[in-house]
Amino acid sequence: ENVQKIVDELSLAGYSDLSSWVETVNEKMGVVLGRRLEEALVAWAETFEIAEGDGADDEANQKKKRDRKKLVKIPKISVEIMLKNQEISAQPAVPTARALF
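All of the points below concern the structure found in this document.

1. Section: the overall build of the protein chain
Each helix and strand counted, the protein chain has 4 helices and 2 strands in total. Put simply, the protein chain runs from its N terminus to its C terminus through helices and strands in the order α-α-α-β-β-α. Looking at the protein chain alone, contacts between residues at least 24 apart form 38% of all its contacts between residues at least 6 apart. Carbon and sulfur atoms provide 55% of the accessible area of the protein chain, an area that totals close to 9,500 Å².

This is the structure we're talking about:
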C-alpha cells in the first residue's frame, strides 16, 4: 500500500521515467519477497522433520540446534473431545483451534 501511494504521488507530480523506475522496483521486490518466501517454506518444512540418528552430538547436530531459532514455532493446544448423548463436541471449537495455526 505504501509503495502504491508513493508511486501515485510521483505520478501526480509528473516525474519522468516513472514507469521504468516502477519496473525496477517491482523486479527487486519480487526477488526479495521470493527469497523470503523460500526461507519461510524451508523453515516450515524443517519444523516437521523428525530428528534421526543415534543421539551423538556431532557437528551437524550442533548446527541444527543453533539454527533451531529460525524454525517456525507451532503452538501446543489442548483439545478436549467429548461424547455426550451420541453427540461429539470439541473444546475449544474446531474453528477456534484452526485459527491458532
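2. Comments concerning the pairing of strand β1 (residues 80-84)
Consecutive side chains of a regular strand alternate in pointing toward one face of the sheet and then the other. Of all 5 residues that make up β1, 0 are buried, and the element is exposed over most of its length. Inspection of the sheet shows β1 paired to strand β2 (residues 87-91) by 5 bridges, in the antiparallel sense. Paired with Lys84 across the bridge in β2 is Glu87. The hairpin turn running from β1 into β2, its antiparallel successor, is 2 residues long, and Asn85 in that turn takes a positive phi close to 55°.

3. Quick word on the packing of helix α1 (residues 2-13) against helix α2 (residues 18-47)
Relative orientation and spacing of two packed helices are given, respectively, by the angle between their axes and the distance between those axes. Following both chains from N to C, one finds α1 and α2 inclined at 170°, their axes separated by 11 Å at the closest point. On the basis of their axis angle, the class for α1 and α2 is roughly antiparallel. Note on packing geometry: the crossing formed by α1 with α2 is right-handed. Where α1 approaches α2, its residues Val3, Val7, Leu10 and Ser11 are matched on the opposing element by Leu18, Trp21, Val22 and Met29. Taken together, the residues that form the contact of α1 with α2 break down as 7 nonpolar, 1 polar and no charged.

4. Quick look at unusual backbone geometry
The omega torsion of the bond from Gln91 to Pro92 falls at 0°, within 30 degrees of zero and hence cis. Of note in this structure, Asp17 is not a glycine but carries a positive phi near 60°. Of note in the backbone geometry, Gln86 takes a positive phi value of approximately 60° without being a glycine. The topology assignment puts Gln86 in the loop between β1 and β2.

What counts, and where the lines are drawn
- Residues numbered from 1 in each chain as written.
- Predicted model: local features only at pLDDT ≥ 70, side-chain atom pairs only at ≥ 80, totals over all residues.
- Heavy atoms only, no water.
- Helix = DSSP H or I, 4+ residues; strand = E, 2+ residues; numbered from the N terminus.
- Contact = heavy atoms within 4.5 Å.
- Areas by Shrake-Rupley, 256 points an atom, 1.4 Å probe, with all protein chains shown as cover.
- Buried < 20%, exposed > 50% of the residue type's maximum accessible area, 1.4 Å probe, protein only.
- Pairing = 2+ DSSP bridges.
- Axes fitted to C-alpha atoms, helices over the stretch in contact; angles between N-to-C directions.
- Parallel < 35°, antiparallel > 145°, perpendicular 65-115°, else oblique.
- Left-handed = near helix turned anticlockwise from the far one by under 90°.
- Nonpolar A, V, L, I, M, F, W, Y, C, P; charged D, E, K, R; others polar.

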